[in-house]
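Each chain is listed here by its residues.
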Amino acid sequence: MNKRALNFGLLYSLTVIVFKLIILLGGFTLTKFGFYYSNIVSVFLILPFFYLAIHQVRDKDYEGAISGREAMRMALTVLAVGIVVLGVYHYIEFNWKFKEIAVQYYNSNDYLEVLQRMQSQLPDKINTEDFPKIIEEQIQDLSAFKASTGKLLPLLIIGLSGAFITSALMKKR
């Protein structure tokens with residue numbers, strides 16, 4: 001394992017953790033950006049780290065020429081380190097704060113509006129009397145593993161395709 005790629009993976013993870021802690025501790029989790037877009041922003045943030053890792057390894061370790069296979073190995077190392085570190089972070093984050101935030105969201109007027117919209121679209125499937133039952137089921141189904149997996153799956157998909165594209169564009173023979 002290349003130490004530079006490992007360092008870029010750790011740097012990416014640290015950057016994402018700081019970004020997520022700003023959103024979490026700043027009280028922006030239930031805002032439109034925090035709720036809908038913060039995870040995808042942190043996923044796409046890996047792309048510049050792929051580029052920087054491959055570029056630095058290519059120029060400093062391989063004297064300006066790197067094969068596509070070696071570039072892909074560097075990018076996958078950054079991705080693997082990011083997935084492991086962020087997986088642990090998301091698990092800890094869920095048990096620390098997100099479970100409380102999820103319960104707060106499910107008991108809020110925002111979620112009640114979501115249920116009412118669903119009822120208007122599917123009037124024969126959802127009744128107003130079932131809302132408390134639906135909310136209780138949502139709260140019972142909260143799981144740190146599900147939440148962590150849900151946040152890491154986009155990172156895996158974007159990360160693999162981004163690693164392939166970046167390594168193909170950065171190789172030089």
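Residues numbered from 1 in each chain as written. Predicted model: local features only at pLDDT ≥ 70, side-chain atom pairs only at ≥ 80, totals over all residues. Heavy atoms only, no water.

A. Quick look at the overall build of the protein chain. For the protein chain, the count of helices and strands is seven helices and zero strands. Tracing the protein chain from N to C terminus, the helices and strands come up as α-α-α-α-α-α-α. For 173 residues, the compact-globule estimate of 2.2 N^0.38 gives 16 Å, and the C-alpha radius of gyration of the protein chain, at 20 Å, exceeds that figure by more than 25%. With respect to the principal axes defined by its C-alpha atoms, the protein chain has extents near 70 × 30 × 25 Å. Considering the protein chain as a whole, with its 173 residues, one finds that 37% of them fall into the buried category. Sequence separation of at least 24 residues holds for 80% of the intrachain contacts in the protein chain that already meet a minimum separation of 6. Averaged over its 18 positive side-chain charges, the protein chain has a centre that lies 14 Å from the centre of its 14 negative ones. (Helix = DSSP H or I, 4+ residues; strand = E, 2+ residues; numbered from the N terminus. Rg over C-alpha atoms; globule rule 2.2 N^0.38 Å. Buried < 20%, exposed > 50% of the residue type's maximum accessible area, 1.4 Å probe, protein only. Contact = heavy atoms within 4.5 Å. Lys, Arg positive; Asp, Glu negative; His and termini not counted. Charge placed at Lys NZ, Arg CZ, Asp CG, Glu CD.)

B. Region of the structure containing the side chain of S13. Its place among the elements puts S13 in helix α1 (residues 3–25). On the basis of relative accessible area, S13 is assigned to the buried category, the value being 1%. If we skip the residues at most four places from it in the chain, S13 touches V81, G82, V85 and L86.

C. Geometry of the packing of helix α3 (residues 46–60) against helix α4 (residues 68–106). The geometry of α3 relative to α4 is characterised by a closest axis approach of 9 Å and an angle of 135° between their N-to-C directions. Judged by the angle between their axes, α3 and α4 are oblique. Considering the relative orientation of α3 and α4, their crossing is right-handed. Residue-level contacts link I46, F49, F50, A53, I54 and V57 of α3 to A71, M74, A75, V78 and L79 of α4. Split by residue class, the contact of α3 with α4 holds 11 nonpolar, no polar and no charged. (Axes fitted to C-alpha atoms, helices over the stretch in contact; angles between N-to-C directions. Parallel < 35°, antiparallel > 145°, perpendicular 65-115°, else oblique. Left-handed = near helix turned anticlockwise from the far one by under 90°. Nonpolar A, V, L, I, M, F, W, Y, C, P; charged D, E, K, R; others polar.)

D. Representation of the packing of aromatic side chains. Tallied over the entire structure, the rule returns eight aromatic pairs. With a centroid separation of 4.9 Å and an interplanar angle of 75°, the aromatic rings of Y106 and Y111 are classed as edge-to-face. Each member of the pair, Y106 as well as Y111, carries the same accessibility label: buried. Feature note: the residues F35, Y36, Y37, Y105, Y106 and Y111 constitute an aromatic cluster, connected by ring pairs. Positioned above the aromatic ring of W96 is the side chain of K97, whose terminal nitrogen or guanidinium carbon lies 5.5 Å from the ring centre. The lysine or arginine in question, K151, covers the ring of F98, its NZ or CZ lying 4.1 Å from the ring centre. (Phe/Tyr/Trp six-rings, centres within 6.5 Å; stacked < 30°, edge-to-face > 60°. Lys NZ or Arg CZ within 6 Å of the ring centre and 35° of its normal.)

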